[in-house]
Amino acid sequence: MSHAVANKTETEAAPNSSLKQSAAPQPANSHDTKLLNGTLARTNGLTHAASVATSSSGYGSSSAAGSNAGSGGATSSASSSSAAAVASSTALPLPPSSNGLQMPYERFRADDTSYVPIAQFYAGRSVFITGGTGFMGKVLVEKLLRSCPDIRNIYLLIRPKRGQEVSARLTELLNAPLFESLRQEKPKELSKVIPISGDITSEELGISEKDQNLLCRNVSVVFHSAATVKFDEKLKLSVTINMLGTKRLVELCHRMLSLDALIHVSTAYCNCDRTDVSEVIYAPPYNPDDIISLINWLPEDILDQLTPRLIGKRPNTYTFTKALAEHMLLKEAGNLPVAIVRPSIVTASLNEPFAGWVDNFNGPTGLVSALAKGMFRTMMCEKNYVADMVPVDIVINLMIAAAWRTATRKSNNLLIYNCCTGQRNPIIWSEFVQHAMTSVRKHPLEGCLWYPTGDLRMNRPMNTLNCIAKHFLPAYILDGVARIMGKKPFVVNVQNKIAKAVECLEYFATRQWRFKDDNVHALLHTLSPKDREIFVFDVRHINWDKYVERYVLGFREFLFKQRPESLPASRKRMLRLYYLHQLTKVVAVLLTWRFLMSRSKRLNDLWSSFLENALRMARLIPFL
């Protein structure tokens, strides 16, 4: 089957730096589609009809478009001073029957006897998952067990933690509320989950030789979701986990005898230095190997000083290392069947395994929780910008479908899927905050400190004043009262944590991106109606009002451990807080007015004159 180029890799000029950076030379031929070729070309045909143009700057070895890495291996690279070869090609015109979809995508046809349902594809297969104990990993494991009942085994990379063996950690994981329906309805399915002791930060992922051989013999699908998602993570650890961890996993994948799909989880914001982000890999500002070398020989204190200059326009080490990891994957993957899934801001589940499930305070969850507690009332945010967030089960369903597609329809392209909502079903920040405000008042938390209100601002001085007056001043007062009563103060500490979280999110709340998701939309149309119902990732079906309400109920139950039975009492408390809030505003206005009256004779005279005229007008009314 002939293929058009559905995915490309654009090159762009990199800023000046003390490190050697990859350049963006002009290709020999002018085409609409640009690909990184040469040492960065995938041997399974990233370039399907490329013209080669050599460059005098960049990295990697110069090579022809047809150079390959050998069986099961990545292409070899020369020293970092070698030139990169850049090629470009034009996508083949779409045939009339393709209905506008890029090849290799074709719409599902009921008479297509070659179609393999997703659940059937996973039957008898073994899957290896990194990051399986994380937020997304848990949902992935649960979904595979529940919707692919004939799956053979799921191997989870688990790190021994605080003296706890991996088997104990696995037992703890499977006893979580997330797996409750499986424990009750299909308890035998849980025995398919097998722990693999390892550490993403260690050489060979810290996996024993015996377990490596086990994985290489049995695994045919790999999901790589292990990453540090801390925005303020130090560069050394972020590179070690997000980049070196990916490189070590790819090395293991090259040894797997029957690998059919490797799905790498990235982030839509890895290219946040651009406004329009397509489903392509953009040239990084640095050679990933140079950054890895840098963290190995530079002292950490000096590395911390260099970090702001290294990450450039990106806001943190997370997005920086994720961008480099994508490019390194392109370079190292060779002929492996790889696809990349880039979710935007991942939030609570939409439907699966039940609506509103969430297990962490990351991102908007922490801020909405603080809002629900009455402790968060103002932040810097452009209220009319799109809040591009996506439910976790949408992302997981896409990952499972992407692996199925990668394995069953061999492609000449490393396909990338931007898993976002901003193009198909956008919600702006003001709408999200309004939905959240309504929901936290309707389903209040126990022990709420104040009536939930809040404002989004783009005036920094005004926002700072409101932070002091509405966040920290009440916090110090409450902590002072706590000390007087002999209790432990905690509110100031909580406010400091909220301020840190707001600082991390501010970059994303004051900017807007357009994430193109053509590959996701095309993949959706290749699924049968039944698979679309089982593996839902069509974001157009999200009802944001209902979703945010379930989101609030979800973190109320799963994070704050508050049962629905406590809602009536919480609502009574919320009503009292509402009246107290209104009374406080009236008192504040009166005190302010009284203060101004006592300080200004002219204002006092104006007020007296106003009252006198009002009384005269009242006497003119007959019944008075």
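Here the structure is a predicted model, which means the values were calculated and not measured.

Quick word on the overall build of the chain
Along the backbone of the chain there are 19 helices and 16 strands. The proportion of buried residues among the 624 residues of the chain is 53%. At a minimum sequence separation of 6, the contacts of the chain that also span at least 24 residues come to 83%. When the accessible surface of the chain is split by element, carbon and sulfur atoms take 54% of a total near 28,400 Å².

Considerations on the side chain of D393
Here D393 is to be found in helix α11 (residues 392-408). As a buried residue without a salt bridge, D393 has its nearest oppositely charged side chain in R146, at a separation of 7.4 Å. Non-local contacts of D393, meaning those with residues more than four positions away in its chain, are made with V139, S349, L350, N351, E352 and V536.

Quick word on the side chain of K138
Within the secondary structure, K138 is located in helix α2 (residues 135-147). Of note is the side chain of K138, whose polar atom sits 2.8 Å from the side chain of D359. With residues up to four places along the chain from it excluded, the contact list for K138 reads G132, T133, L173, L178, F179, W357 and D359.

Some details on the environment of H254
Note on placement: H254 falls in helix α6 (residues 235-254). C-alpha of H254 to C-alpha of C216: the two residues are 38 residues apart in sequence and 8.8 Å apart in space. Among the polar contacts made by the side chain of H254, one reaches the main-chain carbonyl oxygen of E332 at a distance of 2.9 Å.

Some points on the environment of G131
Within the element layout of this structure, G131 appears in the loop between β4 (126-130) and α2. Sequence separation between G131 and I200 is 69 residues, and the spatial gap between their C-alpha atoms is 8.9 Å. In this structure G131 touches G137, S225 and A226, once residues within four positions along its chain are discounted.

Quick word on the pattern of salt bridges
For the coordinates displayed, the defined rule picks out 22 salt bridges. D304 is the partner of K234 in a salt bridge, and the nearest nitrogen-oxygen pair spans 3.0 Å. Highlighted residues: K234 in the loop between β7 (219-224) and α6 and D304 in helix α8 (residues 300-311), separated in sequence by 70 residues. Assessed through its relative accessible area of 41%, K234 is described here as partly exposed. Notably, a salt bridge pairs R424 with D517, separated by 3.1 Å at the nearest N-O pair. In this pair, R424 sits in the loop between β14 (415-419) and α12 (429-442) while D517 sits in the loop between β16 (514-515) and α15 (518-526), placing the two residues 93 residues apart along the sequence. On the basis of relative accessible area, D517 is assigned to the buried category, the value being 5%.

A word on a nonpolar patch on the surface
Where nonpolar side chains cluster on the molecular surface, the patch consists of W593, F595, L596, W607, F610 and L611 and spans about 580 Å² of accessible area. Tracing the sequence through the fold places F610 in helix α19 (residues 601-619).

Some words on helix α5 (residues 209-218)
Within the span of α5, buried status applies to D211, Q212, L215, C216 and N218. In this structure, the buried side of α5 is in contact with β4, β5 (153-158), β6 (193-197), β7 and α6.

Here's the deal with the packing of aromatic side chains
As enumerated under the stated definition, the model contains 22 aromatic pairs in all. Taking 5.2 Å as the distance between ring centres and 85° as the angle between the ring planes, the aromatic pair formed by Y269 and W513 counts as edge-to-face. Here the residue Y269 occupies a position in the loop between β8 (261-265) and β9 (276-277), and W513 occupies one in the loop between α14 (491-509) and β16, the gap between them amounting to 244 residues. With relative accessibility at 6%, the residue Y269 sits in the buried group. Plain terms: the ring middles of Y286 and F320 are 6.2 Å apart, the flat faces sit at 75° to each other, and that makes the pair edge-to-face. In this pair, Y286 is assigned in the loop between β9 and α7 (288-297) and F320 in helix α9 (residues 317-332), connecting sequence segments 34 residues apart. Pair check on accessibility: Y286 and F320 agree, each one buried. The structure contains a cluster of three or more aromatic residues connected by ring pairs, namely F361, W544, Y547, Y551, F555 and F560. K143 extends its terminal NZ or CZ atom over the ring of F535, reaching a point 4.9 Å from the ring centre.

Looking at the sheet that holds β6
Either a parallel or an antiparallel arrangement is found when strands of a sheet pair, and the pairing is made through backbone hydrogen bonds. Reading across the sheet, the seven strands line up as β6-β5-β4-β7-β8-β10-β14 and stay open at both edges, with parallel pairing between neighbours. The two strands at the open ends of the sheet, each matched to only one other strand, are β6 and β14. Each strand axis lies, on average, 20° off the axis of its neighbour in the sheet, ignoring direction. By the bridge criterion, four bridges tie β8 to strand β10 (residues 338-343) in an arrangement that is parallel.

Some thoughts on unusual backbone geometry
Here the residue pair E352 and P353 is connected by a cis peptide bond, since its omega of -5° sits within 30 degrees of zero. With respect to the helices and strands, P353 occurs in the loop between β11 (345-347) and α10 (364-372). Backbone geometry places L205, a non-glycine residue, at a positive phi of 60°. The topology assignment puts L205 in the loop between β6 and α5.

Overview of the pairing of β14
Counting buried residues along β14, five of its five residues qualify, which places the element largely inside the surrounding structure. Taking every second residue as pointing to the same face, both faces of β14 are buried, with L415, Y417 and C419 on one and I416 and N418 on the other. Judged from the five bridges that link them, β10 and β14 form a sheet pairing that is parallel. Across the sheet, I340 pairs through a bridge with I416, a residue of β14.

Focus: the confidence of the model for the chain
Taken over all residues, the pLDDT of the chain has a mean of 83, while the share at 70 or more is 83%. When the criterion is pLDDT under 50, residues 1-103 qualifies, and its contacts beyond four places in sequence or with other chains add up to 253 contacts.

Focus on the nonpolar core
In summary, soluble globular proteins display a tendency toward joint burial of nonpolar side chains. Formed by 108 residues in total, the largest nonpolar core has its most connected members in Y122, L144, F223, M399 and F555. A total of twelve residues in this core trace back to one element, the largest contributor, which is α11. Once you skip the residues sitting within four places of it in the chain, F555 turns out to touch G356, V358, T365, V368, S369, A372, V440, L445 and F560. Ranked by size, the runner-up nonpolar core spans 29 residues in total, among them L157, I196, I207 and I241.

What counts, and where the lines are drawn
- Residues numbered from 1 in each chain as written.
- Predicted model: local features only at pLDDT ≥ 70, side-chain atom pairs only at ≥ 80, totals over all residues.
- Heavy atoms only, no water.
- Helix = DSSP H or I, 4+ residues; strand = E, 2+ residues; numbered from the N terminus.
- Buried < 20%, exposed > 50% of the residue type's maximum accessible area, 1.4 Å probe, protein only.
- Contact = heavy atoms within 4.5 Å.
- Areas by Shrake-Rupley, 256 points an atom, 1.4 Å probe, with all protein chains shown as cover.
- Lys, Arg positive; Asp, Glu negative; His and termini not counted.
- Salt bridge = Lys/Arg side-chain N within 4 Å of Asp/Glu carboxyl O.
- Polar contact = N/O pair within 3.5 Å; in protein donor to acceptor, adjacent residues only side chain to side chain.
- Patch = residues over 30% accessible without salt bridge, like charges linked within 9 Å, V, L, I, M, F, W, Y side chains within 5 Å.
- Phe/Tyr/Trp six-rings, centres within 6.5 Å; stacked < 30°, edge-to-face > 60°.
- Lys NZ or Arg CZ within 6 Å of the ring centre and 35° of its normal.
- Pairing = 2+ DSSP bridges.
- Axes fitted to C-alpha atoms, helices over the stretch in contact; angles between N-to-C directions.
- pLDDT = per-residue confidence, 0-100.
- Core = buried A, V, L, I, M, F, W, Y, C linked by side-chain atoms within 4.5 Å.

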